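# Working through the structure, step by step
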Amino acid sequence: MAARDRYSRKLECAKCGHTGFAEVSETDNRRASTRDFKIDEMPRGFSTERPSPDPRKHMVKCRCGSVFRFEQDTVYAPGGEPRR
């Protein structure tokens, strides 16, 4: 069984400015056909709109009704970027 990489990612709604940190995991097997992406803990005020095993296609819904991709362009403080 492969181990899973775990990290936090800041979610930020462009419409209302609501923010929070999601705890996520994905397979660390680089040879796998998919990343097997899963959100382990979603911050309050956000929910999954369309789940996907690919974080570029996973859609998140904010409490204001705005829907956006989980992996969107976000500005992080220096040293706060997720590891790739």
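Let me sum up the structure you'll find in this document. (Residues numbered from 1 in each chain as written. Predicted model: local features only at pLDDT ≥ 70, side-chain atom pairs only at ≥ 80, totals over all residues. Heavy atoms only, no water.)

## Describing the nonpolar core
- Y7, L11, C13, A22, V24, F37, F46, V60, C62, F68 and F70 together form the largest nonpolar core, which totals 11 residues.
- Among the elements of the structure, β1 (4–12), β2 (19–27) and β5 (59–62) are those that each provide at least two residues to this core.
- Contacts of V60, omitting those with residues within four sequence positions, involve L11, M42, F46, S47, E49, S66, V67, F68 and F70. (Core = buried A, V, L, I, M, F, W, Y, C linked by side-chain atoms within 4.5 Å. Buried < 20%, exposed > 50% of the residue type's maximum accessible area, 1.4 Å probe, protein only. Helix = DSSP H or I, 4+ residues; strand = E, 2+ residues; numbered from the N terminus. Contact = heavy atoms within 4.5 Å.)

## Some details on the pattern of salt bridges
- Scanning all chains against the criterion turns up 4 salt bridges.
- Connected through shared salt-bridge partners, R4, D36 and K38 make up one network. (Salt bridge = Lys/Arg side-chain N within 4 Å of Asp/Glu carboxyl O.)

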